[in-house]
Amino acid sequence: MRRMIPFLLYLLVCIATVAGAQAGVFNAYVQLIIMYVGINIILSTSLNLINGYMGEFSVGHAGFMAVGAYITSILNVWLFTDSSVFGPSLLDPSSALYLFPVTLLAGGFGAALVGLLVAIPSFRTRGDYLAIITLAVNYIVKSSIENIQVIGGARGFMGMRNVVNSMKEVVDVPWVLIWILVFTGFTVWVLHRLVTSTYGKGIVAIRDDEIASEIMSVDTRHMKVVAFMLSSGLAGVAGGLFAHVLGYINPGTFTIMKSTEILVMVYLGGMGSLSGSVLSAIGFTVILELFRPLQMAKWVVIPLLLILLMLFRPEGIMGHRELTDVFPWLRRFLAPQERRS
Amino acid sequence: MSLLEIREVTHYFGGLRALYNLNLTLEGGELLGLIGPNGAGKTTVFNLVSGFYTATEGEILFLGEDLTGLRPHQVTARGMARTFQNIRLWNSLTVLENLCLSQHYQLGYGLLGAVLRTRSYHENERRIRKTAQQLLEILGLSHYADELPKNLPYGMQRRVEIGRALSLHPKLLLLDEPAAGMNPSEVDQLIDLVRWIRDEFNLTIWLIEHQMRVVMNLCEIIKVLDFGETIAEGSPAEVQQNSRVVQAYLGDEEVAYA
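Residues numbered from 1 in each chain as written. Chains lettered and ligands numbered in written order. Predicted model: local features only at pLDDT ≥ 70, side-chain atom pairs only at ≥ 80, totals over all residues.

**Looking at the overall build of chain A**
Phase 1: Counting secondary structure elements, chain A contains 15 helices and two strands.
Phase 2: On C-alpha atoms alone, chain A measures out to a radius of gyration of 20 Å, which is about the 20 Å that the 2.2 N^0.38 rule sets for 341 residues.
Phase 3: Split into buried and exposed, the 341 residues of chain A put 46% on the buried side.
Phase 4: In chain A, the proportion of contacts linking residues at least 24 apart, taken out of those at least 6 apart, comes to 80%. (Helix = DSSP H or I, 4+ residues; strand = E, 2+ residues; numbered from the N terminus. Rg over C-alpha atoms; globule rule 2.2 N^0.38 Å. Buried ≥ 20, exposed ≤ 12 C-beta atoms within 10 Å, placed from the backbone. Contact = placed C-beta atoms within 7 Å.)

Written as structure tokens, this is what we have:
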């Protein structure tokens, strides 16, 4: 029963959020921020798997996000709406209600396959060299999309608003918000279970000593493929959700700037700490909104905060620790795992 | 079928010949020592045997199977474990986690099991944990279980590394300079430990060592390398008498007196 507590707590938060949105307690602006927080949590925790737990330096996370965003959007617009690009809808628009998570996962799967573009080179190279490869993959994705005119090229792709609307016509609840909450919980749940299992610690072993890991029975290639595909797949899901929040995407959104933003969240929260990434995704998104009145000056203030952080707390807010390590009493509620001997 | 058979192995690093025509057969149960001056190619032999390098020429058979083309973790899974000259434990994981993780090749569950926490996940994790705890117990490391390896005294870290190798249930244990950096009392303990491990776990041990006290005390057979070539092989007493060995270690008489 106890192991259900974190799940029940999260369910409660979700219900409260959706009810708040439905009852008009949260206006559209607050809802938007909550949705960005969720998406950013998915992005930062999934990138932390690579940069924090595995110790590689991926700077192309936005590329995978783009793949997911485009695949999910294209599928949805093609299947559920009448559009100038793909013609009349293939399926009944109301079926978007059930098939939306399927298209999201399809986007995630596509992004995971693109993740192989990084995973396979990672067998031979690591560190700075692999970082360059992730950067290159980010550019390949962005430029490829820019050059596919059918899906709008550099002008971008839209029509996702209609998909969301057709879902709302069936049952009028904030569907995108709900799916963001579901997948945020799903992401943290999957990653937490992975990194606390002996299987998943094979990823941490690679960070500590790759050669020793390989010789001491860890199939490092397998673990790298799992880590990169899972990380980029989750980024793809985040991209799909992001596209449906905005209703419009263009390749310019998924540049190195976006990747850097995710990197900042990971380093702010702390390497190898899921709760750190969650906290920093919340904090960073909210601070970004609070600083909105500063306009462009916020891109002076926020990097400045980053410099101060690196000077005084380079390990990030949490740095290889979880909330339960900082506040052991939380363990009673949140991590009723196997007792330590 | 012999446990390990090294047949005419020669290895080059670029133009440098690190090993030349190495032959060795272990039938099982031996305690073999490999010695030689610095740069003689000792660690290269271990790196070849554990699958980290692929030999330029010759072949290495483990339990009758050619190791060429196998990746290190596959070699390990076939029953060969090793320790490293400079201790290479996973320092961000606890001692217990180190001994669990080294059983990665026989986890019995995969990604799905880890995420869904299936029954097989729990059973296997329990089994792995039990093996690790038992090993810590018999090696006298139980009270270090939740410590990070880097916080342990040097001798204890060596012990943990040997424990990690044993958690793989190896048939052949390779120890690369196990006594390096140890003080005399730690060395005495190590000698007892290695001997005890061999009897307790009934395995074959092959060690590289610089300290003559360790080698002469422990090993039944000693193989001496110099510049990648075998210059002597035999019992400790025979090797000590061998003029080529003395020459390799102390230099030529003329040079020594010059």
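**Some thoughts on the overall build of chain B**
Phase 1: Helix and strand counts for chain B stand at 11 helices and 10 strands.
Phase 2: Taken over C-alpha atoms, the radius of gyration comes to 20 Å for chain B, in line with the 18 Å a tight globule of 258 residues would show.
Phase 3: The principal-axis extents of the C-alpha atoms in chain B amount to approximately 70 × 40 × 30 Å.
Phase 4: Of the contacts made within chain B by residues no fewer than 6 positions apart, 66% connect residues no fewer than 24 positions apart.

**Observations regarding the interface of chain A and chain B**
Phase 1: The interface is formed by 24 residues belonging to chain A together with 34 residues belonging to chain B.
Phase 2: Counting residues per element, the side of chain A that touches chain B draws most heavily on helix H8 (residues 198–208) of chain A, at eight residues.
Phase 3: Here the residues of the side of chain A that touches chain B are counted per class, giving 10 nonpolar, seven polar and seven charged. (Nonpolar A, V, L, I, M, F, W, Y, C, P; charged D, E, K, R; others polar.)

**What about H8(A)?**
Phase 1: Of all the 11 residues making up H8(A), nine are buried; the element is thus mostly covered by neighbouring parts of the structure.
Phase 2: Looking at H8(A), one finds that the buried residues are Thr198(A), Tyr199(A), Gly200(A), Lys201(A), Gly202(A), Ile203(A), Val204(A), Ala205(A) and Ile206(A).

**As for the sheet that holds strand E2 (residues 16–26) of chain B**
Residues and elements named next belong to chain B.
Phase 1: If you trace the four strands from one edge of the open sheet to the other, you get E2-E1-E4-E5, paired in antiparallel fashion. The sheet is open, and its two edges are formed by E2 and strand E5 (65–66), each paired on a single side.
Phase 2: Running at roughly 65 degrees to E2, helix H1 (residues 42–49) makes contact with strand E1 (4–13), E2 and strand E4 (57–62) of the sheet. (Pairing = 2+ DSSP bridges. Axes fitted to C-alpha atoms, helices over the stretch in contact; angles between N-to-C directions.)

**Things to note about the sheet that holds strand E6 (residues 80–82) of chain B**
Residue and element names in this part refer to chain B.
Phase 1: Across the sheet, six strands lie side by side as E6-E7-E8-E3-E9-E10; this open sheet has mixed pairing. The outermost strands of the open sheet, each flanked by one partner alone, are E6 and strand E10 (229–234). Direction aside, neighbouring strands of the sheet carry axes that sit 20 degrees apart on average.
Phase 2: In the sheet, strand E7 (residues 172–176) pairs with strand E8 (residues 204–208) via five bridges, with the strands oriented parallel. The residue bridging Asp 176 from the neighbouring strand is Ile 208, located in E8.
Phase 3: Sheet strands touched by helix H10 (residues 243–250): strand E9 (221–226) and E10. Its angle to E10, the strand with the most contacts, is close to 125 degrees.

**A short note on the nonpolar core**
Residue and element names in this part refer to chain A.
Phase 1: Counting 160 residues, the largest nonpolar core has Ile 39, Met 65, Ala 66, Ile 180, Ala 227, Ala 238 and Leu 241 as the members making the most contacts within it.
Phase 2: It is helix H10 (residues 220–246) that contributes the most residues to this core, 13 residues altogether.
Phase 3: Leaving out residues up to four positions away in the same chain, Ala 227 has contacts with Leu 49, Ile 50, Met 54 and Ile 203. (Core = buried A, V, L, I, M, F, W, Y, C linked by C-beta atoms within 7 Å.)

**Some remarks on the packing of helix H2 (residues 28–54) of chain A against helix H12 (residues 274–290) of chain A**
All names here are of chain A.
Phase 1: In contact at an axis separation of 8 Å, H2 and H12 are set at 140 degrees when each is read in the N-to-C sense. On the basis of their axis angle, the class for H2 and H12 is oblique. As H2 packs across H12, the resulting crossing turns out to be right-handed. Together, Ile 33, Tyr 36, Val 37, Asn 40, Ile 41, Ser 44, Thr 45 and Asn 48 of H2 and Leu 274, Ser 277, Val 278, Ser 280, Ala 281, Ile 282, Phe 284, Thr 285, Val 286 and Glu 289 of H12 make up the contact between the two elements.
Phase 2: Taken together, the residues that form the contact of H2 with H12 break down as 10 nonpolar, seven polar and one charged. (Parallel < 35°, antiparallel > 145°, perpendicular 65-115°, else oblique. Left-handed = near helix turned anticlockwise from the far one by under 90°.)

**So, the pairing of E2(B)**
In summary, the side chains of a regular strand alternate between the two faces of the sheet.
Residue and element names in this part refer to chain B.
Phase 1: With seven bridges joining them, E1 and E2 adopt antiparallel strand pairing. Residue pairing across strands places Leu 4 opposite Leu 26, the latter belonging to E2.
Phase 2: Between E1 and E2, which pair antiparallel one after the other, the connecting turn spans two residues, and Gly 14 there sits at a positive phi close to 60 degrees.

**Thoughts on unusual backbone geometry**
Residues and elements named next belong to chain B.
Phase 1: Located in the positive-phi region is Glu 8, a residue other than glycine, with phi close to 45 degrees.
Phase 2: For Glu 8, the location among the structural elements is in strand E1.
Phase 3: The exposure class of Glu 8 is exposed, given the 12 C-beta atoms found within 10 Å.
Phase 4: Positive phi, normally seen in glycine, also occurs at His 169, with a value near 50 degrees.
Phase 5: Of note, His 169 is situated in the loop between helix H6 (154–166) and E7.

**What to know about the confidence of the model for chain A**
Residues and elements named next belong to chain A.
Phase 1: This prediction gives chain A a mean pLDDT of 91; 97% of its residues lie at or above 70.
Phase 2: In the model of chain A, helix H15 (residues 331–334) stands out as the element of lowest mean pLDDT, 70, in contrast to H10, which has the highest, 97.
Phase 3: In this model, residues 336–341 is a region of pLDDT below 50 whose contacts with residues beyond four sequence positions or in other chains number six contacts. (pLDDT = per-residue confidence, 0-100.)

**Some points on the packing of H2(A) against H10(A)**
All names here are of chain A.
Phase 1: In contact at an axis separation of 9 Å, H2 and H10 are set at 165 degrees when each is read in the N-to-C sense. When the axis of H2 is compared with that of H10, the two are roughly antiparallel. For the crossing formed where H2 meets H10, the hand is left-handed. Contacts between H2 and H10 involve Met 35, Ile 39, Ile 42, Leu 43, Ser 46, Leu 47, Leu 49, Ile 50 and Met 54 from the former and Ala 227, Phe 228, Leu 230, Ser 231, Leu 234, Ala 235, Val 237, Ala 238, Leu 241, Phe 242 and Val 245 from the latter.
Phase 2: Looking at the contact of H2 with H10 residue by residue, the class counts come to 18 nonpolar, two polar and no charged.

**Re the pairing of E8(B)**
All names here are of chain B.
Phase 1: Taking burial as the measure, the five residues of E8 include five buried ones, the bulk of the element.
Phase 2: Of the two faces of E8, the one carrying Thr 204, Trp 206 and Ile 208 and the one carrying Ile 205 and Leu 207 are both buried.
Phase 3: Across four bridges, strand E3 (residues 31–35) lies against E8 in parallel orientation. Considered in E8, the bridge of Gly 33 is made with Leu 207.

**So, the environment of Tyr10(A)**
Phase 1: Within the secondary structure, Tyr10(A) is located in helix H1 (residues 5–23).
Phase 2: Sequence-wise, Tyr10(A) and Ile71(A) are 61 residues apart; in three dimensions their C-alpha atoms are separated by 29 Å.

**A few points about the environment of His320(A)**
Phase 1: Structurally, His320(A) is set in the loop between helix H13 (298–312) and helix H14 (323–326).
Phase 2: Between the C-alpha atoms of His320(A) and Ile15(A), which are 305 residues apart in sequence, the distance is 31 Å.
Phase 3: Those residues in contact with His320(A) that sit more than four places away from it in its chain are Gly270(A), Met271(A), Gly272(A), Ser273(A), Glu315(A) and Ser92(B).

**Describing the environment of Val286(A)**
All names here are of chain A.
Phase 1: With respect to the secondary-structure elements, Val 286 resides in helix H12.
Phase 2: On the basis of neighbour counts, which here come to 13 C-beta atoms within 10 Å, the residue Val 286 falls in the partly exposed class.
Phase 3: Measuring from C-alpha to C-alpha, the distance between Val 286 and Ile 33 comes to 7.4 Å, with 253 residues separating the pair along the chain.

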